[in-house]
Amino acid sequence: MIYAYVQITVTDTASFAAYAEKAGAALAKYGAKPAAMSTEPTKLEGSEPAPGRAVLLSFPDRDAALGWINDPDLAEIHALRRASGPCEITLIG
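Residues numbered from 1 in each chain as written. Predicted model: local features only at pLDDT ≥ 70, side-chain atom pairs only at ≥ 80, totals over all residues. Heavy atoms only, no water.

Secondary structure assignment for the protein yields 3 helices and 4 strands. Going from N to C terminus, the protein has its helices and strands arranged as β-α-β-β-α-α-β. Judged by the C-alpha coordinates and their principal axes, the protein covers about 35 × 30 × 15 Å. Per-residue burial over the protein gives 31% buried out of 93 residues. The contacts of the protein with a sequence gap of at least 6 include a subset with a gap of at least 24, amounting to 72%. (Helix = DSSP H or I, 4+ residues; strand = E, 2+ residues; numbered from the N terminus. Buried < 20%, exposed > 50% of the residue type's maximum accessible area, 1.4 Å probe, protein only. Contact = heavy atoms within 4.5 Å.)

So, in structure tokens, the structure goes:
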């Protein structure tokens, strides 16, 4: 098991709504699912503001996570997420 930590601050709700409709199927294609999520994350330390949303995704392995983010068939879905607002994804493990 490997995890991806997603931080996003939604500034375009229409793009995020369109992304949310398609995200589950895109994750399922690679055996991934949300392990935890918050729409009000609390920052414990650091100078950067907390993101508007924080999600911890679980993937079966590193290859699945890299497949998900690099899949050309999912480029449109990833573009919707990126258009939603500032987003960072960090692979953990």
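So that's the structure; there's more coming.
A cluster of nonpolar side chains, namely Met-1, Tyr-3 and Ile-92, defines an oily patch on the protein surface of about 310 Å² accessible area. Residue placement: Ile-92 occurs in strand β4 (residues 87-92). For Ile-92, a relative accessible area of 41% translates into the label partly exposed. (Patch = residues over 30% accessible without salt bridge, like charges linked within 9 Å, V, L, I, M, F, W, Y side chains within 5 Å. Areas by Shrake-Rupley, 256 points an atom, 1.4 Å probe, with all protein chains shown as cover. Salt bridge = Lys/Arg side-chain N within 4 Å of Asp/Glu carboxyl O.)

Moving on: the side chain of His-78. With respect to the element layout, His-78 can be found in helix α3 (residues 75-84). Classification of His-78 by relative accessible area gives buried; the value is 3%. At 2.7 Å, the side chain of His-78 and the side chain of Arg-81 are in polar contact. Excluding anything up to four places from it in sequence, His-78 contacts Trp-68 and Ile-69. (Polar contact = N/O pair within 3.5 Å; in protein donor to acceptor, adjacent residues only side chain to side chain.)

With antiparallel pairing, 4 strands are arranged side by side in an open sheet as β2-β3-β1-β4. In the strand order of this sheet, the two ends are held by β2 (33-38) and β4, each with one partner. Averaged over all pairs of adjacent strands, the angle between strand axes in this sheet comes to 20 degrees, irrespective of strand direction. Here 6 bridges tie strand β1 (residues 2-8) to β4, and the two strands are oriented antiparallel to one another. Along β4, the bridge assignment pairs Ala-4 with Leu-91. (Pairing = 2+ DSSP bridges. Axes fitted to C-alpha atoms, helices over the stretch in contact; angles between N-to-C directions.)

Okay, the pairing of β1 next. Regular strands place their side chains on alternate faces of the sheet. Of the two faces of β1, only one is covered, namely that formed by Ile-2, Ala-4, Val-6 and Ile-8; the face formed by Tyr-3, Tyr-5 and Gln-7 stays uncovered. When β1 meets strand β3 (residues 53-59), the two strands line up antiparallel, connected through 7 bridges. Paired with Ala-4 across the bridge in β3 is Leu-57.

Counting through the fold element by element, Arg-81 comes out in helix α3. Despite being buried, Arg-81 has no salt bridge partner; Glu-88 is the closest side chain of opposite charge, sitting 11 Å away. If sequence neighbours within four positions are ignored, Arg-81 has contacts with Ile-8, Tyr-19, Trp-68, Ile-69, Cys-87 and Ile-89. (Lys, Arg positive; Asp, Glu negative; His and termini not counted.)

Our focus in this paragraph is the environment of Tyr-30. Secondary-structure assignment places Tyr-30 in the loop between α1 (13-28) and β2. Remark: the alpha-carbon pair of Tyr-30 and Gly-67, spanning 37 residues in sequence, is separated by 7.2 Å. Look past the residues within four positions of Tyr-30 in its chain and what remains in contact with it is Phe-59, Pro-60, Ala-64, Gly-67, Trp-68, Asp-71 and Leu-74.

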